[in-house]
Amino acid sequence: MWSCITDFFTYETTKSVVVKSWTIGIINRVVQLLIISYFIGWVFVYEKAYQVRDTAIESSVMTKVKGFGVYNDKVMDVADYVTPTQGASVFCIITKLITTENQVQGYCPESERKYICTQDSFCSRFVNKPGSYGILTGRCVPFNATVKMCEIKGWCPAEIDTIKTTPMMEVENFTIFIKNSIRFPTFNYTKGNFLPTITNDYIKTCNFDMVNNTYCPIFRVGDVVRYAQQNFTKLADKGGVIGIKIGWMCDLDKSDDQCNPSYSFTRLDAMSQKNAVSPGYNFRFAKYYKMDNGTDYRTLVKAYAIRFDVLVNGNAGKFNMIPTLINMVAAFTSVGVGTVLCDIILLNFLKGAEQYKAKKFEEVSDTPLDSQGNGLYRSQLSLRYNETIMRSSDSGAFSIEHYN
């Protein structure tokens, strides 16, 4: 018990031992050089750890599509094929339509093959359950001269969406105009994708490309699809979702004209290409009308479209003393790893480890066994010279004791 108390009330101090060894010296300097190179090259130069960063980017996006196409012998303009019409960061360009005209509320046969029937008993199990296009009544009624279908109550006639139609291929040459404004609130820094070098004459003639017009805010649909590594014909036929990513990586320690947007493109619904159940992208909407007698009727449209999502991300950095000091302290502290590694090698793997332990670790008592002694000390395990015994314990502690 007393030994535990005395061991607790001890004090440790650093003892410097100079080891003249080429092997240990080279290892020590190489480790220190690697650590210093890591902090200078990666932490400070590449990661810019001397900066405080703002990743909470604030952004607004406005879009506008231009172009004319022909579909079913009708000329289509922006109001016909773009939805929603507000020019938001997410919008669709319709490429193909399946139209069911003059639908009114009433009773009519279903249109899907799974509801083919021969008598009411087959349909009665579906009574008051939702079908594909309405509520089933439980009756089996003629669909045409040869086929009967279960009857529904809803908008009639029921939609037939298996009709094969050709996409509007002119969409490939439509253009998308994107206006983006961003702000980094930490630094109260604002910027837009309309750079000072962009003029009215340039806007009228430019189209974005990865080499010559990297900052042009007008994008040709075919180019966007190609940059996303997609086939336009397949995309227009089934629909899909394309991401237009605008990246703002700004170093505010540099001049303002160095903070510019970068554009990249990707297919956001790439997994739907591998799914045979519901490939592509489509949606339905209706246009409602009223007859002279007050009866409502509508035109139902199933639209296949290319949806564009404009995604904005980025961060800005600026020099700040606090992260600089923190990382400098971390660098200086990490240099000590070389010393730890060299100690491990010296204490465990090199010849003369016991001698090094005896020199490095020393345990001194402030109460000699004999106050009248001649000043000689002894240790547990070490070298013997005349009557002086110096020993090092297996733990590496070097102790000195006074004896007669």
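Notes on the structure follow. All values derive from a computational prediction rather than experimental measurement.

### Overview of the overall build of the protein chain
Within the protein chain, the regular secondary structure consists of 10 helices and 21 strands. Sequence separation of at least 24 residues holds for 66% of the intrachain contacts in the protein chain that already meet a minimum separation of 6.

### Some points on the pattern of salt bridges
On inspection of all chains with the given rule, the structure shows 12 salt bridges. For arginine 284, the salt bridge identified is with glutamate 159, shortest N-O distance 2.9 Å. Here glutamate 159 lies in the loop between β9 (148-156) and β10 (175-184) and arginine 284 lies in strand β15 (residues 282-290), a separation of 125 residues in the sequence. Classification of arginine 284 by relative accessible area gives partly exposed; the value is 41%.

### Quick word on the packing of helix α9 (residues 337-348) against helix α10 (residues 353-360)
Angle between the axes and distance between the axes are the two parameters that describe a pair of packed helices. In the contact formed by α9 and α10, the axes pass within 7 Å of each other and the chain directions differ by 125°. In terms of orientation, α9 and α10 fall into the oblique class. Contacts from Asp343, Leu346 and Leu347 of α9 reach α10 at Ala353, Tyr356, Lys357 and Lys360. By residue class, the composition of the contact of α9 with α10 is four nonpolar, no polar and three charged.

### Observations concerning unusual backbone geometry
Following threonine 83, the chain continues into proline 84 via a peptide bond in cis, with omega recorded as -10°. Mapped onto the elements, proline 84 comes out in the loop between β5 (82-83) and β6 (90-109). Cis geometry marks the peptide bond from cysteine 156 to proline 157; its omega dihedral reads 0°. Looking at where proline 157 falls in the secondary structure, it is placed in the loop between β9 and β10. With a phi close to 55°, asparagine 102 is a non-glycine residue in the positive phi region. Position of asparagine 102 among the secondary structure elements: in strand β6. You will see that asparagine 188, though not glycine, has its phi angle at about 55°, which is positive. Structurally, asparagine 188 is set in the loop between β10 and β11 (189-192).

### Overview of the layout of surface pockets
For the second largest pocket, the calculated volume is near 470 Å³. Considering every element that reaches the lining of the second largest pocket, the biggest residue donor is β6, with five residues.

Parameters at a glance
- Residues numbered from 1 in each chain as written.
- Predicted model: local features only at pLDDT ≥ 70, side-chain atom pairs only at ≥ 80, totals over all residues.
- Heavy atoms only, no water.
- Helix = DSSP H or I, 4+ residues; strand = E, 2+ residues; numbered from the N terminus.
- Contact = heavy atoms within 4.5 Å.
- Salt bridge = Lys/Arg side-chain N within 4 Å of Asp/Glu carboxyl O.
- Buried < 20%, exposed > 50% of the residue type's maximum accessible area, 1.4 Å probe, protein only.
- Axes fitted to C-alpha atoms, helices over the stretch in contact; angles between N-to-C directions.
- Parallel < 35°, antiparallel > 145°, perpendicular 65-115°, else oblique.
- Nonpolar A, V, L, I, M, F, W, Y, C, P; charged D, E, K, R; others polar.
- 1 Å grid on protein atoms, 1.4 Å probe; cavity = no way out; pocket = protein on both sides within 12 Å on 5 of 7 lines; lining within 4 Å.
- Points joined across faces, edges and corners; volume = space filled by probe spheres on them.

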